Amino acid sequence: MLKCYIALFYALFSFVFSQSNTEKINTLITEYHRFHLFQGAVLVVEDGDVLLKKGFGLANKEWNIPNTPQTKFRIGSITKQFTAMLIMQFVEEGILKLDGTLTQYISDYPKESGDKITIHQLLNHTSGIPSYTGLPNFRSELMRKYASPKDFVKIFWEKELEFEPGTAYRYNNSGYFLLGYILETVSGKSYDTLLKERIFTPLQMTDSGYDWSEDIIEQRASGYRQNGLIYQNAPFLDMSLPYAAGSMYSTVEDLHKWDTELYSPTILSEDGLKKMMTPNLENYGYGFHIDDHVYPDKETEAVVSHGGGINGFSTLYYRVPEKEHLIVLLNNTNRAPLYEMAKKIHNILEGFDVESPEKPLALELEEAQTVANLKAKLTALKAVKDPRLKERELNSLGYSYLTRKEFKKALFLFKTTIDLFPKSANTYDSYAEALLSSGDKDGAIRYYKKALEIDIHFNNARTQLAQLGVTVDAISEVEVSESVLQTYVGKYEIKPGFVLTITCENGQLMAQVTGQPKFPLFAESTIKFFLKVIRAQIQFNHAENGTVSSATLFQNGREITGKRL
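Given the structure is predicted, the values throughout are model-derived calculations rather than measurements.

Definitions and limits used
The numbers attached to residues start from 1 for each chain and follow its sequence in the written order. In view of the model being predicted, local features appear only for residues whose pLDDT reaches at least 70, and side-chain atom pairs are presented and counted only at 80 or more, with totals across whole chains, interfaces and linings using the full set of residues. Only hydrogens and water are set aside; all other atoms, that is, all heavy atoms of the structure, feed into the side-chain values. Salt bridges are counted wherever a side-chain nitrogen of Lys or Arg sits within 4 Å of a carboxyl oxygen of Asp or Glu. Strands here mean DSSP runs of E at least two residues long; helices mean DSSP runs of H or I at least four residues long; both are numbered from the N terminus. Accessibility here uses a 1.4 Å probe with only protein chains present; expressed as a share of the type maximum, an area under 20% marks a residue as buried, one over 50% as exposed, and anything in between as partly exposed. Between N-to-C directions, angles cover 0 to 180 degrees, with each direction set by a line fitted to C-alpha atoms, over the stretch in contact for helices. Orientation categories follow fixed angle ranges, with anything under 35 degrees roughly parallel, anything over 145 roughly antiparallel, 65 to 115 roughly perpendicular, and all other angles oblique. Crossing handedness is read from the near helix: turned anticlockwise from the far helix by less than a right angle, it gives a left-handed crossing, and turned clockwise, a right-handed one. For this analysis, residues touch if any pair of their heavy atoms sits within 4.5 Å. For this scheme, ten residues count as nonpolar: Ala, Val, Leu, Ile, Met, Phe, Trp, Tyr, Cys and Pro. Four count as charged, namely Asp, Glu, Lys and Arg, and the remainder, Gly too, count as polar. Identification of polar contacts relies on pairs of N or O atoms within 3.5 Å, with a donor-acceptor requirement for protein atoms, meaning one able to donate a hydrogen and the other able to accept it, and with residues adjacent in sequence counted only if both atoms are side-chain atoms. In this scheme, strands are said to pair when DSSP sees at least two bridges between them. We call a set of buried residues a nonpolar core when its members are Ala, Val, Leu, Ile, Met, Phe, Trp, Tyr or Cys and they connect through side-chain atoms within 4.5 Å of each other. Working definition: a ring pair exists when centres of Phe, Tyr or Trp rings (six-membered ring for Trp) sit within 6.5 Å. Plane angles under 30 degrees give stacked, over 60 give edge-to-face, the rest tilted.

Asker: Teacher, can you tell me more about the pattern of salt bridges here?
Answerer: Where charged atoms from two side chains of opposite charge approach closely, those side chains can pair. What the rule picks out here adds up to 24 salt bridges. The closest approach of N and O atoms between E31 and R34, which form a salt bridge, is 3.0 Å. In this pair, E31 and R34 are both assigned in helix 1 (residues 2–34), three residues apart and thus about one turn of the helix distant. On the basis of relative accessible area, E31 is assigned to the buried category, the value being 18%. When salt bridges that share partners are traced, they join R74, D211 and R220 into one network.

Structure representation (structure tokens):
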């Protein structure tokens, strides 16, 4: 009898503890929702048991339809782990090989790169192929157009590799697009058919699929773009383009079924699953990030996760294998602090207290009814150096005013952002856009020019000036002798654990920061160089004795100087 009472006591204790965690997590997510930081569906599993399953906010704002656990969301790059599963199934069946090259499976792929890029490198983002979503014309031109896999791969497959395959990690949608094309080529079936036959049907994931825009899909959420507290329908994206890199829709319940499968796999061997979960460069496996979660007491625990971001949606799949914890967050806006939320939920599950989310600056400033009130609030916040006064937050709120054609508020806020962040070209560019929208063409031209004075490589300002009929000097590269370039070779500590390595290869200066690929530098003067793959510059600084003593990195309006090691 005593054993029965003890068992009952432990059962009651476990129940009360779980209820307490449920309440804490629900309160936390409710706060994020109240602050316009999350709207979607959440599922939390503790020790294998569902702790919380709930919807927040609206799946469709036009019809005031709420999100529920059954709402279907585009999950973006969470799709990659399903593509990786299909690849591993084909590997185990002997149809594909992890060390097989692109040209073995795509006969007309350019041989120079295709002969050395392997399936393994596509899976773990070490192929060096440029990501098609980073192409300059992707959002402006390609995004809205249907393309078959066979045609679309040709858009990026002849681009110059960013690094030698296998030598570095760079997250890459092109690699997973190619994996989908390979699956179709070797099987003779479409990618969405393979998903259904090999994964969804066996696992009874009846609420998951390929999210073709034209299909009628019951309980599908609409996606929204958010600026401050303003919501708009997300820009159209032809779903032929995310393909095997990000085309799926699913629910929190179906992703729970998927997670359960990963503990006792029925559609793949244990060995195959182990390979998917084995971290490679930058702790990326095959469709999964494998990292450590650091608890407040500094203990760590392995976490397997992957986020997704696609027009109008942001998503996160987050699992703790040793504890059989699972956190799924599916959000139908373009921005949400999902990793921050998941880490707090993780800490709650382990008995730690967590802080409520900070009230967004936009929410506080939105309470200002007039420009005078807005000025008073900002003056007070600047006086106490409020940490929420960040360029991105101010810029986002400025665009929300601009969307509503509240030009006076938008202009005042963008001008204030310039005052706070005078070294950021983006602040001048945003102010110029507001001036142009309000009818001040001359003012817009003046501030677009100021943006270029700060950052000659700021392409949006260049584009806008050209459209306004203003001639802008082309970016000119200068020649620097190899003897001078050699004086810059070395390592520079930008911050602890973040080192900039400069090399000179065949007369070309190269830059590489910790954990990133190597990129060429182009000279705009004898001491200042720029990168073409990202908007950043590096300036080499000399000591009084003439030797190079440090390097300054200019990026996103910030300057960080690192000593030469």
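Asker: When you look at the packing of helix 16 (residues 391–403) against helix 17 (residues 407–420) in this model, what are you seeing that I'm missing?
Answerer: Packed helices, taken two at a time, are described by the angle between their axes plus the distance between the axes. Their axes nearest at 8 Å, the elements helix 16 and helix 17 cross at an angle of 165°. As summarised for this structure, helix 16 and helix 17 are arranged roughly antiparallel, according to the angle between their axes. With respect to the hand of their crossing, helix 16 and helix 17 are arranged in left-handed fashion. Taking contact as the criterion, the partners of E391, L394, N395, L397, G398, Y399, Y401 and L402 in helix 16 are, on helix 17, F407, K409, A410, L413, F414, T417 and L420. A breakdown of the residues in the contact of helix 16 with helix 17 according to their chemical character gives 10 nonpolar, three polar and two charged.

Asker: Mind showing me how you'd approach the environment of R319 here?
Answerer: For R319, the location among the structural elements is in strand 12 (residues 313–320). What makes R319 buried here is its relative accessible area of 3%. Residues R319 and L435 lie 116 residues apart in sequence; the distance between their C-alpha atoms is 47 Å. Ignoring anything within four residues of it in the chain, the contact list for R319 reads D259, L262, Y263, M277, A302, V303, V304, H325 and L326. A polar contact of 2.6 Å, which involves the side chain of R319, links it to the side chain of D259. A polar contact of 3.1 Å, which involves the side chain of R319, links it to the side chain of Y317.

Asker: Explain the sheet that holds strand 14 (residues 490–495) here, please?
Answerer: Pairing in this open sheet of nine strands is antiparallel, and the strands run 17-16-15-14-22-21-20-19-18 from one edge to the other. Because the sheet does not close on itself, it has two edges, and the strands there are strand 17 (518–520) and strand 18 (522–523). The sheet contact formed by strand 19 (residues 528–530) and strand 20 (residues 536–542) spans three bridges and is antiparallel. The partner of K528 across the bridge, within strand 20, is Q539.

Asker: I'm lost on the side chain of D429 in this one. Help?
Answerer: Residue position: D429 is located in helix 18 (residues 425–437). Here the side chain of D429 touches N460 through a polar contact of 3.0 Å, side chain to side chain. The residues contacting D429, other than those within four sequence positions of it, are Y448, A451, F458, N460 and A461.

Asker: Teacher, can you tell me more about the packing of helix 18 against helix 19 (residues 441–454) here?
Answerer: Where helix 18 contacts helix 19, the axes come no closer than 8 Å and their chain directions differ by 170°. Taken together, the axis directions place helix 18 and helix 19 in an arrangement best described as roughly antiparallel. Here A425, Y428, D429, Y431, A432, E433, L435 and L436 of helix 18 come into contact with helix 19, specifically with K441, G443, A444, Y447, Y448, K450, A451 and I454. Considering only residue class, the contact of helix 18 with helix 19 consists of 11 nonpolar, one polar and four charged.

Asker: Looking at this structure, I do not really get the environment of L394. What am I missing?
Answerer: The residue L394 is located in helix 16 in this model. Taking the relative accessible area as the measure of exposure, L394 reaches 0% and is therefore buried. Note: C-alpha distance between L394 and A410 (16 residues apart in sequence) is 9.9 Å. If near-sequence neighbours (up to four positions away) are discounted, L394 is found in contact with L361, L365, L378, L389, L413, T417, L420 and F421.

Asker: I would appreciate a short explanation of the nonpolar core in the present structure.
Answerer: Where a protein is soluble and globular, its nonpolar side chains tend to be buried together. Of all hydrophobic cores here, the largest spans 80 residues; its most connected members are F82, I199 and W258. Looking at this core, the element that brings in the most residues is helix 2 (residues 79–92), giving eight residues. I418, A425, L452 and L468 belong to the second-largest nonpolar core, a separate cluster that totals 35 residues.

Asker: What is the right way to look at the sheet that holds strand 6 (residues 209–210) in this model?
Answerer: Backbone hydrogen bonds hold the strands of a sheet together, and the pairing may be parallel or antiparallel. Taken together, three strands build an open sheet; the order of strands is 5-9-6 and the sheet is antiparallel. At either end of the open sheet lies a strand with only one pairing partner, and these are strand 5 (73–74) and strand 6. For strand 5 and strand 9 (residues 248–250), the ladder comprises two bridges, and the chain directions are antiparallel. Paired with F73 across the two strands is S250, which belongs to strand 9.

Asker: What's the story with helix 11 (residues 252–261) in this structure? I'm lost.
Answerer: The element helix 11 is extensively covered by neighbouring structure, given that seven of its 10 residues are classed as buried. All of the buried residues in helix 11 are V252, D254, L255, H256, W258, D259 and E261.

Asker: Looking at this structure, I do not really get the packing of aromatic side chains. What am I missing?
Answerer: One pair of aromatic rings is described through two measures. These are the centre distance and the angle between the planes. Taken as a whole and assessed by the stated rule, the structure comprises 28 aromatic pairs. Centre to centre, the rings of Y169 and Y284 are 6.0 Å apart; their planes meet at 40°, and the pair counts as tilted. Of the two residues, Y169 sits in the loop between helix 7 (149–156) and helix 8 (173–187) while Y284 sits in the loop between helix 12 (270–276) and strand 10 (289–294), which places them 115 residues apart along the sequence. For the pair Y169 and Y284, one class covers both residues: buried. Seen from their ring centres, Y191 and Y210 are 6.3 Å apart, and the 75° between their planes marks the pair as edge-to-face. Residue Y191 is located in helix 9 (residues 191–200), and its partner Y210 is located in strand 6; the two are separated by 19 residues in the primary sequence.

Asker: Before we go on, may I ask you to explain the pairing of strand 12 in this structure?
Answerer: Along any regular strand the residues' side chains alternate between the sheet's two faces. A large share of strand 12 lies buried, amounting to eight of its eight residues. Where burial is concerned, the two faces of strand 12 agree: the one with F313, T315, Y317 and R319 and the one with S314, L316, Y318 and V320 are both buried. Pairing geometry for strand 11 (residues 300–310) and strand 12, over seven bridges, is antiparallel. Bridge pairing in strand 12 places S305 opposite Y318. Counting the residues in the hairpin turn of strand 11 and strand 12 gives two residues, including G312, whose phi is positive at 85°. Two strands pair when backbone bridges link them, and strand 12 and strand 13 (residues 325–331) are joined in this way by seven bridges, in the antiparallel orientation. Note on strand 13: the bridge partner recorded for Y318 is I327. Hairpin geometry of strand 12 and strand 13 is characterised by an intervening segment of four residues between the two adjacent antiparallel strands and by a positive phi of about 55° at E324.

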